[in-house]
Amino acid sequence: MPRETKEGLYRGIIEQDADGNYFCGPLILDYKLAKYNFKLGDYISVKKVVSNTSAKSAEKYPHKGVKFSLADKRNED
């Protein structure tokens, strides 16, 4: 796993797949955290990643973002 930096482990936009999973790039996101605290299209910084243990989604998304927050796009380059 990559080390966390000030910018986080991964940055990207929250999306939703056909199965209703919230994801950001290669990471599935914690469903309740994404659904109730963020909206589709939010730009986030993932701070903590764990292995995805869900039998339904682990093959498509082997890692899960469990700690993430809104990120500022202006610091990208």
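It should be noted that the structure appears before, not after, this text.
Cut-offs applied
Residues numbered from 1 in each chain as written. Predicted model: local features only at pLDDT ≥ 70, side-chain atom pairs only at ≥ 80, totals over all residues. Heavy atoms only, no water. Salt bridge = Lys/Arg side-chain N within 4 Å of Asp/Glu carboxyl O. Helix = DSSP H or I, 4+ residues; strand = E, 2+ residues; numbered from the N terminus. Buried < 20%, exposed > 50% of the residue type's maximum accessible area, 1.4 Å probe, protein only. Pairing = 2+ DSSP bridges.

Caption draft 1: Layout of the pattern of salt bridges. In this structure the tally under the stated criterion is three salt bridges. Ionic pairing is found between K60 and D17, a salt bridge with its closest N-O pair at 3.7 Å. Of this pair, K60 sits in the loop between strand 5 (43-51) and strand 6 (63-70) while D17 sits in the loop between strand 2 (15-16) and strand 3 (22-24); the two residues are 43 residues apart in sequence, bridging distant segments of the chain. Look at K60 and you get exposed, because its relative accessible area is 55%. Close ionic contact of K64 with D30 constitutes a salt bridge, the shortest N to O distance being 4.0 Å. In this pair, K64 sits in strand 6 while D30 sits in the loop between strand 4 (27-29) and helix 1 (31-37), placing the two residues 34 residues apart along the sequence. On the accessibility criterion, D30 (23% relative accessible area) is partly exposed.

Caption draft 2: Up close: the sheet that holds strand 1 (residues 10-13). Here we have six strands laid out as an open sheet, ordered 1-5-6-4-3-2, and mixed in their pairing. Strands with a single pairing partner mark the edges of an open sheet, and in this sheet they are strand 1 and strand 2. With three bridges joining them, strand 4 and strand 6 adopt parallel strand pairing. From the neighbouring strand, L29 faces strand 6, where its bridge partner is G65.

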